[in-house]
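Letter by letter, the chains look like this.
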Amino acid sequence: MKIEVKLPGYPLLEPAAKMRRAMKVTATGTQRALSAWYASLPADYFDSSNAAFPDGTSKRNRARSFMAALSSSWRAEEVNDSGFTLAFRHSRDNGSPWGLRLHQYGGAIRPKQARALTIPMTAEARGMRVAEFVTHRALFKIGRKGDATQGILAYREADGTPHAAYALRRSAYVAPLRQRRGHDAIPNKAQLAAMARPYFLAAL
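Residues numbered from 1 in each chain as written. Predicted model: local features only at pLDDT ≥ 70, side-chain atom pairs only at ≥ 80, totals over all residues. Heavy atoms only, no water.

**A few points about unusual backbone geometry**
Here is step 1: With a phi close to 50°, Glu-78 is a non-glycine residue in the positive phi region.
Here is step 2: Within the secondary structure layout, Glu-78 lies in the loop between β2 (74–77) and β3 (83–88). (Helix = DSSP H or I, 4+ residues; strand = E, 2+ residues; numbered from the N terminus.)

Shown next, in the form of structure tokens:
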């Protein structure tokens, strides 16, 4: 994902070479400020407003790793006389996008290779692939195929009671973070300008 940062309102009275050098310093400083901004956010900033899985177990039973990449993977690019771009380039272990754009704008998720998405339904399955889960609990499928659902992967408790682990879905829709939590996934233009301005003025 890329964020374009512009610094309007500054008359270009300085030589072009000096302006480019100043903007380069500004881009590097703003990159650090943006990383610090994410590092200062609460761990549940991107989480669903619903704090529990369907079985009642907490979604916040352990620290999220999502924020760590956001506080370390920004890069300043495309620096010019009037602004620059801050790019977030980070992928998951399987090569799929980290999901920042999805949090900001929302959208549908569909499986690329598997037949269905595996959506955790209990804290134990959160952040764990099915292949990892089955190393300590055997899974079996229940439910009928429908238009949206492909059933459920479940395991048996010690007393034999089935317990849902993953919902199988053809697709899932993620609403924008502002709709879910009331705030955006990225700083707005005013916030970015406030981050950049001190570095720009100091560099002139």
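**Comments concerning the confidence of the model for the protein**
Detailed reading of the predicted model is not advised wherever pLDDT is low.
Here is step 1: When the pLDDT values of the protein are averaged, the result is 85; 90% of them are 70 or greater.
Here is step 2: Mean pLDDT in the protein bottoms out at helix α2 (residues 66–70), which sits at 84, and peaks at helix α5 (residues 177–181), which reaches 93. (pLDDT = per-residue confidence, 0-100.)

**A short note on the pairing of strand β1 (residues 2–6)**
Here is step 1: By the alternation rule, side chains of β1 split into Ile-3 and Val-5, which are all buried, and Lys-2, Glu-4 and Lys-6, of which none is buried.
Here is step 2: Note that β1 and β3 share five bridges and pair antiparallel. By the bridge assignment for β3, Val-5 is matched with Phe-84. (Buried < 20%, exposed > 50% of the residue type's maximum accessible area, 1.4 Å probe, protein only. Pairing = 2+ DSSP bridges.)

**Topic: the nonpolar core**
Here is step 1: In terms of nonpolar packing, the biggest core is built from 32 residues, with Leu-34, Tyr-38, Phe-46, Leu-70, Trp-74 and Leu-100 touching the most fellow members.
Here is step 2: Elements with a contribution of two residues or more to this core: β1, α1 (16–39), α2, β3 and α6 (189–203).
Here is step 3: In terms of residue count, α1 provides more of this core than any other element does, eight residues in total.
Here is step 4: Those residues within four positions of Leu-34 in sequence are excluded, and the remaining contacts are Ile-3, Trp-74, Leu-86, Pro-187, Leu-192 and Met-195.
Here is step 5: Formed by eight residues, the second largest nonpolar core is a distinct cluster that contains Ala-125, Phe-133, Ala-165 and Leu-168. (Core = buried A, V, L, I, M, F, W, Y, C linked by side-chain atoms within 4.5 Å. Contact = heavy atoms within 4.5 Å.)

**Here's the deal with the environment of Gly-106**
Here is step 1: Counting through the fold element by element, Gly-106 comes out in the loop between α3 (100–105) and β4 (107–109).
Here is step 2: Along the chain, Gly-106 and Ala-175 lie 69 residues apart, while their C-alpha atoms are 4.6 Å from each other.
Here is step 3: For Gly-106, the contacting residues outside a window of four places in its chain are Arg-101, Val-174, Ala-175 and Pro-176.

**A look at the sheet that holds β1**
Here is step 1: Spatially, the three strands line up as an open sheet ordered β1-β3-β2, and their pairing is antiparallel. Lying at the two open borders of the sheet, with one neighbouring strand each, are β1 and β2. The average undirected angle you get between the axes of adjacent strands in this sheet is 25°.
Here is step 2: On top of the sheet, α1 reaches β1, β2 and β3; it is set at about 35° to β3, its chief contact. (Axes fitted to C-alpha atoms, helices over the stretch in contact; angles between N-to-C directions.)

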